[in-house]
Each structure stands twice: as C-alpha cells, then as structure tokens.
Amino acid sequence: MGLRTRIAEELKATVHGGDLKLERYEGPAGDPGLLGIVPGDPAWRVHGHPTGMLIGGFAALMLQSLHPLAMAGVDQHSDFRSDPVGRLIGTARFVTTTTFGSAPAAHEAIALVRRIHTRVRGTAPDGRSYRADDPELLTWVHIAEVRCFLAGYQTYAPQRLRLTPAECDAYYRQVAPVAETLGAEKVPRNAQEVERYLDRIRPQLRATRAASDSVRSPGLRPDRT
C-alpha cells in the first residue's frame, strides 16, 4: 500500500469514526442511488476525494456558522462544544450515504435528518425565531457545504483531475436533489447561480458569539495537540 493510499484510508477511518458500515452502499443490481451518478461523474469524484472533503468539511462548518439563525440552532441543540468533530463525522456519513449509497439507504438517512429537524427550533439571540426545517436555512446549509467541498477538491486533487467549469456546473446539478429531498427550495444548480446566491445572502451573515465559539473550539483548531 502506497503512502497516498495509506493517508486516504486513515482519513476515511477518522472522518467516519472508524465505522464505515459498508452495507449502506449495497443495493440491488441497477440501483442508481439517489443521485444516479457513476464513477467519473463530478459528484462521485468530489465526494470520493478524502483530503478535499475533510478540508472542505471544516471550511463548510465555519462558513455555515456565519448565518445567525443556522448557528443558533447548532448552539442550542447540539454538543459541538464538547464534541466538535462529531458534527463533521455526522455530516461525512450523511454525504457519503446519499452520494454512494443505495437509494433506500439514502432515503433512510434523509428521513432521519428530517425527523431530527422537526425538533430543532427556537429563538436566536437577536430575537428571531428559527427552525431547522426552514427551506431557506436548508438551502444555505447545502450551498455552504457543496461550495466548500468543491473548493477542497479543486485545491487538493491533482491538476489533471480537477473539474472544468462545465463539470463544476454538473457537480452542483448532481448534488441538488439531496437538498431538495431534505426540503430546500430554489437550490442553485450551477456555479453562476451559487455565486449569485452567496452574494445575495452575504449581508445576512455575521460572526455571532456562538460562531466565534465554534471556530475557537479545540476540535476544529489546526494547532490542537
């Protein structure tokens, strides 16, 4: 086993908590999964790249924290302070199952998240109410994730394997059904739409106290021992 392969295997074990549960990726012959992708498709390549996904995952958590309502839900309904990496592991399992898993496994994972979302609601420090199943918040979480996943891949994949502009558009189109099945609406489906969405939502973003706490968390700091 070469060095790159060993590093990739270690990253997979770390991100998945050492429990890949490969049966989630088995299905009847001809089952295309939720996304209907095959090896070589942009979503397959991006989500199958361990380093890009790991770094992109950390970046996504930090970007998501800048939305006051999304961060209020995390702050009030999760244990990110005591187990910050647990959030990353949960996200990694969900993304891997919905990308590479059988259609039943993907729908089961999405149904579980939707059940959890019905219980995540409350009032943010600024007095606004929030709920995790709000279509607008679901769109934000999705775009923050996939924008960072793609950036991670484009940074760490070998130059010859990086996506072309057309393939980047295909990537956003291929992953949109996950967000839509979760309940997101008006999901951007190409790079131009994603950048326009981010420009439009940028005035709503700010570093709240909870967001700063999440970034300072020892589990997310690169200099932790």
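The rules we used
- Residues numbered from 1 in each chain as written.
- Predicted model: local features only at pLDDT ≥ 70, side-chain atom pairs only at ≥ 80, totals over all residues.
- Heavy atoms only, no water.
- Helix = DSSP H or I, 4+ residues; strand = E, 2+ residues; numbered from the N terminus.
- Buried < 20%, exposed > 50% of the residue type's maximum accessible area, 1.4 Å probe, protein only.
- Core = buried A, V, L, I, M, F, W, Y, C linked by side-chain atoms within 4.5 Å.
- Contact = heavy atoms within 4.5 Å.
- pLDDT = per-residue confidence, 0-100.
- Polar contact = N/O pair within 3.5 Å; in protein donor to acceptor, adjacent residues only side chain to side chain.
- Expected span 1.5 Å × (residues − 1).
- Bend = angle between axes of the 7 residues up to and from the residue.
- 1 Å grid on protein atoms, 1.4 Å probe; cavity = no way out; pocket = protein on both sides within 12 Å on 5 of 7 lines; lining within 4 Å.
- Points joined across faces, edges and corners; volume = space filled by probe spheres on them.
- Nonpolar A, V, L, I, M, F, W, Y, C, P; charged D, E, K, R; others polar.

A.B. asks: Looking at this model, I keep getting lost on the overall build of the protein. Mind explaining?
C.D. replies: Secondary structure assignment for the protein yields 10 helices and two strands. The order of α-helices and β-strands along the protein, N terminus first, is α-α-α-α-α-α-β-β-α-α-α-α. Looking at the protein as a whole, 44% of its 225 residues qualify as buried.

A.B. asks: In this structure, what is going on with the nonpolar core? I would like to understand it.
C.D. replies: One recurring pattern in soluble globular proteins: nonpolar side chains tend to sit buried together. Among the nonpolar cores identified, the biggest contains 39 residues, and Val46, Phe94, Trp140, Leu150, Leu163 and Tyr171 are the most heavily contacted of them. At the level of elements, helix 2 (42-47), helix 4 (68-77), helix 5 (84-100), helix 6 (103-117), helix 7 (135-156), helix 8 (165-182) and helix 9 (191-201) are the ones that each hand at least two residues to this core. Those residues within four positions of Trp140 in sequence are excluded, and the remaining contacts are Leu63, Gln64, His67, Ala70, Tyr197, Leu198, Ile201 and Leu205. With five residues, the next largest nonpolar core counts Leu138, Ala176, Ala179 and Ala184 among its residues.

A.B. asks: How should I be thinking about the environment of His49 in this particular structure?
C.D. replies: Residue placement: His49 occurs in the loop between helix 2 and helix 3 (50-64). Taking the C-alpha atoms as reference, His49 lies 6.7 Å from Tyr153; in sequence the two are 104 residues apart. Setting aside residues up to four positions removed in sequence, His49 forms contacts with Tyr153, Tyr156 and Ala157.

A.B. asks: Mind showing me how you'd approach the confidence of the model for the protein here?
C.D. replies: It should be kept in mind that the predicted coordinates are not to be read in detail where pLDDT is low. In this model, the protein carries a mean pLDDT of 85, and residues with pLDDT of at least 70 account for 79%. Ignoring residues within four places in sequence, the model shows residues 218-225, a span with pLDDT below 50, making 11 contacts including any to other chains.

A.B. asks: Looking at this model, I keep getting lost on the side chain of Thr98. Mind explaining?
C.D. replies: Counting through the fold element by element, Thr98 comes out in helix 5. Residue classification places Thr98 among the buried residues on the basis of a relative accessible area of 2%. At a separation of 2.8 Å, a polar atom in the side chain of Thr98 contacts the main-chain carbonyl oxygen of Phe94. In this structure Thr98 touches Leu34, Leu35, Ala106, Ile110 and Val178, once residues within four positions along its chain are discounted.

A.B. asks: Whenever I open this one, helix 3 confuses me. Can you help?
C.D. replies: For an α-helix the count is 3.6 residues per turn, leaving residues at separations of three or four pointing the same way. With 15 residues, helix 3 ought to run about 21 Å at 1.5 Å a step, and its terminal C-alpha atoms sit 20 Å apart, in line with that. Of the positions making up helix 3, those classed as buried are Pro50, Gly52, Met53, Leu54, Gly56, Gly57, Phe58, Ala60, Leu61 and Gln64.

A.B. asks: When you look at helix 8 in this model, what are you seeing that I'm missing?
C.D. replies: Compared with an ideal rise of 1.5 Å per residue, which puts 18 residues at 26 Å, helix 8 spans 27 Å between its outermost C-alpha atoms and is within 8% of the ideal. Where helix 8 bends most, the angle comes to about 30°, and this point is Val175, followed within four residues by the proline Pro177. When helix 8 is considered as a whole, its buried residues turn out to be Cys168, Ala170, Tyr171, Tyr172, Gln174, Val175, Ala176, Val178, Ala179 and Leu182. Positive backbone phi, approximately 120°, marks Gly183, located one or two places after helix 8.

A.B. asks: In this structure, what is going on with empty space enclosed by the protein? I would like to understand it.
C.D. replies: One way to see where empty space is left: roll a probe the size of a water molecule over the atoms. Counted under the stated rule, the structure contains one cavity of 30 Å³ or more. Quantified by volume, the largest cavity comes out at close to 40 Å³. Contributing to the lining of the largest cavity are Gly57, Ala60, Leu61, Gln64, Leu88, Thr91, Glu145 and Phe149. Going through the elements one at a time, helix 3, helix 5 and helix 7 are the ones with two or more residues in the lining of the largest cavity. If one sorts the elements of the lining of the largest cavity by residue count, helix 3 sits on top with four residues. When the residues that make up the lining of the largest cavity are grouped by side-chain class, the tally is four nonpolar, three polar and one charged.

A.B. asks: Help me understand unusual backbone geometry in this model?
C.D. replies: Most of the time, phi is negative for any residue but glycine, and the peptide bond is trans. Even without glycine at this site, Lys186 takes up a positive phi of about 50°. For Lys186, the location among the structural elements is in the loop between helix 8 and helix 9.

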